[in-house]
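If you want the building blocks of each chain, they are given just below.
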Amino acid sequence: MYNVVVKKYGDPDILEYVKSDSQNTNDKCVKIKVDACGVNFADVLTIKGKYQERPRPPFSPGLEISGKIIDVGKNVTEHKVGDLVMSIMKYGGYKSEVVVPSENTYKVPSNMPLDIAAGFPVTYGTAYSALVTSAKIKKGETCLILGATGGVGIAAVEIAKALKTKVIACGGSDSKLKSCTSKGADYVINYKEKILRNELNKLNIKEIDVVIDMIGGQYAIDSVKSLKWNGRFVVVGFASGVIPNIPANRLLLKNASAIGLYWGELAYKEPYSIKQDFLKLEELYNKKLIQPSNHKTFKLENASEALKYLLERKNIGKIVLRVN
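Quantities reported herein were computed from a predicted structural model and do not represent experimental measurements. (Residues numbered from 1 in each chain as written. Predicted model: local features only at pLDDT ≥ 70, side-chain atom pairs only at ≥ 80, totals over all residues. Heavy atoms only, no water.)

Caption draft 1: Focus on the layout of surface pockets. Roughly 270 Å³ of internal volume is contained in the second largest pocket. Along the wall of the second largest pocket there are 14 residues; nearest its centre are His 79, Thr 105, Tyr 106, Lys 107 and Lys 275. Looking at the lining of the second largest pocket, the elements that each hand over two or more residues are strand E7 (105-107) and helix H10 (271-286). In terms of residue count, the dominant contributor to the lining of the second largest pocket is H10 (6 residues). (1 Å grid on protein atoms, 1.4 Å probe; cavity = no way out; pocket = protein on both sides within 12 Å on 5 of 7 lines; lining within 4 Å. Points joined across faces, edges and corners; volume = space filled by probe spheres on them. Helix = DSSP H or I, 4+ residues; strand = E, 2+ residues; numbered from the N terminus.)

Written as structure tokens, this is what we have:
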């Protein structure tokens, strides 16, 4: 088998593509021949040693994969050899073969190509948990998405529209925001060129029911100030690099909630709940209410190039690594 290895913390250039021995399959695990791996911003942080999970080198980055099961542990009952699956992990996905817990492995939604399935779990799983589990969003509510042009953001736009809400997609590029419009966003706001609250006023939107925040920084603070009574602010990430000091008085005055979502850990602590989420997402996929797609595909051995492309923010949506 082949894998991409971090031998010391650093930038994507330090990744090495090496040949290694196949792993044994533990009793509660499955072994998967990997077809493709999803690329996420968290991979960059893991390589630098700056993510919540901080494995010691040498290790492989990678949070999600798709492929075919080639072996199952003796205590595995829900999967069998030959199943097409997608799996999530804390790290270790940039490989041609992985061994992962059976409970963190899920059947690929019917009719979904494996390369699409590779980038599906983290983006759509995170977006669904943010909107449904954390925010408990309701039909007819108004949802503002900060960082809407990234993978999770675009997934959130699609899911929020599928749930019949009014969606305001916010990003830093007019050209990228067009993709949000194509996914059904009712309004788009370029928060790098315009003041968020001023733009909301121009749209005659005085208050927001739900904010899904992938960005942090001043944008997050501005959106908290726009929350409605019983509003919900869901913290997913800090792509701006700035962790905001959320004004607690604003939450108090609006009886609002600020909710953190560390989806990767949630998926490990509550795998059954995540499985149910994926079943709901499969229903939306089969009804064509969500239509996941990949922006660009790189070969596994070119993982450094893929991560640098991600850091340059050239993508609109998902990047994947193909093994074959």
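Caption draft 2: Quick peek at the sheet that holds strand E8 (residues 142-146). As summarised here, the arrangement of the 6 strands in space is E10-E9-E8-E11-E12-E13, forming an open sheet in which the pairing is parallel. Of all the strands in the sheet, just strand E10 (187-190) and strand E13 (257-260) have a single pairing partner and so form its edges. Neighbour to neighbour, the strand axes of the sheet diverge by 15 degrees on average, direction disregarded. On the sheet, helix H5 (residues 174-182) packs against strand E9 (166-171) and E10 and is oriented at approximately 160 degrees with respect to E10. (Pairing = 2+ DSSP bridges. Axes fitted to C-alpha atoms, helices over the stretch in contact; angles between N-to-C directions. Contact = heavy atoms within 4.5 Å.)

Caption draft 3: The state of the cysteines, seen in detail. Taken as a whole and assessed by the stated rule, the structure comprises 0 disulfides. No disulfide involves Cys 143; its sulfur sits 9.6 Å from that of Cys 170, the nearest cysteine. (Disulfide = S-S within 2.5 Å.)

Caption draft 4: Looking closely at the packing of helix H3 (residues 120-134) against helix H4 (residues 151-162). Following both chains from N to C, one finds H3 and H4 inclined at 55 degrees, their axes separated by 8 Å at the closest point. Here H3 is positioned oblique relative to H4, judged by the angle of their axes. H4 is crossed by H3, and the crossing has right-handed handedness. Touching Val 122, Thr 123, Tyr 124, Thr 126, Ala 127, Tyr 128 and Leu 131 of H3 are Gly 151, Val 152, Ala 155, Ala 156, Glu 158, Ile 159 and Ala 160, all from H4. Tallied by class, the residues present in the contact of H3 with H4 amount to 10 nonpolar, 3 polar and 1 charged. (Parallel < 35°, antiparallel > 145°, perpendicular 65-115°, else oblique. Left-handed = near helix turned anticlockwise from the far one by under 90°. Nonpolar A, V, L, I, M, F, W, Y, C, P; charged D, E, K, R; others polar.)

Caption draft 5: Representation of the pattern of salt bridges within the structure. Applying the stated criterion to the full structure yields 17 salt bridges. With a closest N to O distance of 3.9 Å, Lys 31 and Glu 97 form a salt bridge. Placement of the pair is Lys 31 in strand E3 (residues 29-39) and Glu 97 in strand E6 (residues 97-101), with a sequence separation of 66 residues. The buried category is assigned to Lys 31, whose relative accessible area is 12%. Two residues, Glu 199 and Lys 202, come together in a salt bridge whose shortest N-O distance is 3.2 Å. Of the two residues, Glu 199 and Lys 202 are both situated in helix H6 (residues 196-202); the distance of 3 residues between them amounts to about one turn of the helix. It is possible to trace a salt-bridge network through shared partners that takes in Glu 53, Lys 90, Glu 265 and Lys 269. (Salt bridge = Lys/Arg side-chain N within 4 Å of Asp/Glu carboxyl O. Buried < 20%, exposed > 50% of the residue type's maximum accessible area, 1.4 Å probe, protein only.)

Caption draft 6: Local environment of the side chain of Glu 141. Tracing the sequence through the fold places Glu 141 in the loop between H3 and E8. Glu 141 sits in the buried class, given a relative accessible area of 11%. A distance of 2.7 Å separates polar atoms of two side chains, one belonging to Glu 141 and the other to Arg 232. Beyond its immediate sequence surroundings of up to four residues, Glu 141 is in contact with Lys 136, Thr 165, Lys 166, Asp 209, Val 210 and Arg 232. (Polar contact = N/O pair within 3.5 Å; in protein donor to acceptor, adjacent residues only side chain to side chain.)

Caption draft 7: Helix H1 (residues 41-48), seen in detail. Looking at H1, one finds that the buried residues are Ala 42, Asp 43, Val 44, Thr 46 and Ile 47. Residues of H1 that are buried in the fold lie against E3 and helix H11 (303-311). Downstream of H1 by one or two residues, Gly 49 has phi in the positive range, about 75 degrees.

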